[in-house]
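Secondary and tertiary structure notes
What follows is the residue order along each chain.
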Amino acid sequence: MKFKTVILAAAALATTALYPFGASAADVKKIGLAVSNLQADYFNQIKIGVEAYAKEKGIEVITVDAKNDSATQVSQVQDLLTQGIDAFIYIPAGAAAAAVPTRLAKEAGIPVVNVDRNADGAPGDTFIATDNATSAYEVCKHIIGLAGGKGKMLMIHGQKGTTPEVERTKGCMQAIGENAGVELVAEQWSEQWSQAEGLNIGQNLLQAHPDVSLIFAQADGLALGAAQAVKVSGVSQRVYVGGFDGDTTALPILATGGFDATATQQVRGIGRLAVDSAIKLAAGEKLPAEQLLPGFLTTPENAAEYVAEHP
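- An unreviewed UniProt entry lists the chain under the name Sugar ABC transporter substrate-binding protein, with Pararhizobium antarcticum as the source organism.
- What the UniProt record of the chain gives under Sequence similarities (unreviewed entry) is the line "Belongs to the bacterial solute-binding protein 2 family."
- Under the Subcellular location (unreviewed entry) heading, UniProt states for the chain: "Cell envelope".

Right under this line is the structure:
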């Protein structure tokens, strides 16, 4: 049995121990799923996980895609709440207005499962995510080790103020703080966590700081763009690039050495846990405020394993 399979099995047993009697899906017929942006592989994989697992349980899922627009998402959620949903799984489209859908659902008496991003000031009944801080720490620690524990670093952030951006920054800053020879010389925030942004931001930062040897990009799309920026920038030194997510499109590139490390998230596992949590909440059970799943440090040496079997 593979190591990650062992961890997943242990997590399942732990959940069973916490909730030994479980909750029946019989009274949950319809779940609303509001996703921030289905153009991003990470969110699309969570959607697939939610819909496939809910189908196994005979539950209908109504999915809406905000395409990263908070105002659109608020309108979509207002519509969802008129469609007789029994529970609401919510991935906020951004920090702005993120609390509104949660409040609307709670006012309607519908339980809320927040996934990946929490709503500041109005959290859901439970929050499910990767342990972003720990996983980012492991990625940054790894690439710093590859660079010999020293060097100048660039950080390309995700969308400012979102839960994963804040937590990934915290984790990487911890790794930087443990290595006196590493200096964070520049950082910039993205809007879409995209490869195009990674390329553009990477080129601009490398032009201003051509002597860097480390880049931490807070999503694999950003990391792929940053790695491309390194290639076209003409720098002569080795630049180690770390990403985050374990995107299905990025993992094969990582396996061939296209960049140096990522944290593979349990996207399908997050989707399944979100459905189980929605069922439990609809049955009146209390769940922990946070349910954090471990990410898996992934490098060219073990990336093929996650390409073959994504958690």
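There is more to say, and it comes next.
Regarding the packing of aromatic side chains
- If you walk through the whole model with that rule in mind, you get 3 aromatic pairs.
- Ring plane angle 20° and centroid distance 5.3 Å describe the contact between F88 and Y90, whose orientation is recorded as stacked. Like Y90, F88 is buried.
- A ring pair is formed by F296 and Y306, whose centres lie 5.9 Å apart and whose planes are at 25°; its orientation type is stacked. You can see F296 sitting in strand 12 (residues 296–298) and its partner Y306 sitting in helix 11 (residues 303–308), a full 10 residues away along the chain.
- Against the face of F244 rests R168, its NZ or CZ located 3.8 Å from the ring centre.

What about the UniProt feature "domain: Periplasmic binding protein" (unreviewed entry) in the chain?
- Per the UniProt record, the feature "domain: Periplasmic binding protein" (unreviewed entry) sits at residues 31–286.
- Structurally, residues 31–286 comprises 45% helix and 21% strand, and the distance from its first C-alpha atom to its last is 18 Å.

Let's talk about the domain arrangement of the chain
- What the domain assignment reports for the chain is domain 1 (30–129 + 267–293) and domain 2 (132–265).
- Spacing between the C-alpha centres of domain 1 and domain 2 amounts to 29 Å.
- Taken residue by residue, the interface counts 14 residues in domain 1 and 16 residues in domain 2.
- Together, D41, Y42 and R117 form the three largest contributors to the area buried by domain 1 at its contact with domain 2, with a combined 39%.
- Taken together, the links from domain 1 to domain 2 amount to 0 salt bridges.
- Connecting domain 1 to domain 2 are 6 residue pairs in polar contact (both at pLDDT 80 or more).

Remarks on the packing of helix 5 (residues 132–146) against helix 6 (residues 163–177)
- Two elements in contact, helix 5 and helix 6, have axes whose closest approach is 7 Å; the angle formed by their N-to-C orientations is 40°. On the basis of their axis angle, the class for helix 5 and helix 6 is oblique. Crossing angle aside, the handedness with which helix 5 passes helix 6 is right-handed. Here N132, A133, A136, Y137, C140, K141 and I144 of helix 5 come into contact with helix 6, specifically with P164, E167, R168, K170, G171, C172, Q174, A175 and I176.
- When grouped by side-chain class, the residues that make up the contact of helix 5 with helix 6 number 9 nonpolar, 3 polar and 4 charged.

Basis of the calculations
- Residues numbered from 1 in each chain as written.
- Predicted model: local features only at pLDDT ≥ 70, side-chain atom pairs only at ≥ 80, totals over all residues.
- Heavy atoms only, no water.
- UniProt positions renumbered as here; feature names shortened; annotations may be inferred.
- Phe/Tyr/Trp six-rings, centres within 6.5 Å; stacked < 30°, edge-to-face > 60°.
- Buried < 20%, exposed > 50% of the residue type's maximum accessible area, 1.4 Å probe, protein only.
- Helix = DSSP H or I, 4+ residues; strand = E, 2+ residues; numbered from the N terminus.
- Lys NZ or Arg CZ within 6 Å of the ring centre and 35° of its normal.
- Domains from an automatic or database assignment.
- Contact = heavy atoms within 4.5 Å.
- Buried area = accessible area lost by both parts, 1.4 Å probe.
- Salt bridge = Lys/Arg side-chain N within 4 Å of Asp/Glu carboxyl O.
- Polar contact = N/O pair within 3.5 Å; in protein donor to acceptor, adjacent residues only side chain to side chain.
- Axes fitted to C-alpha atoms, helices over the stretch in contact; angles between N-to-C directions.
- Parallel < 35°, antiparallel > 145°, perpendicular 65-115°, else oblique.
- Left-handed = near helix turned anticlockwise from the far one by under 90°.
- Nonpolar A, V, L, I, M, F, W, Y, C, P; charged D, E, K, R; others polar.

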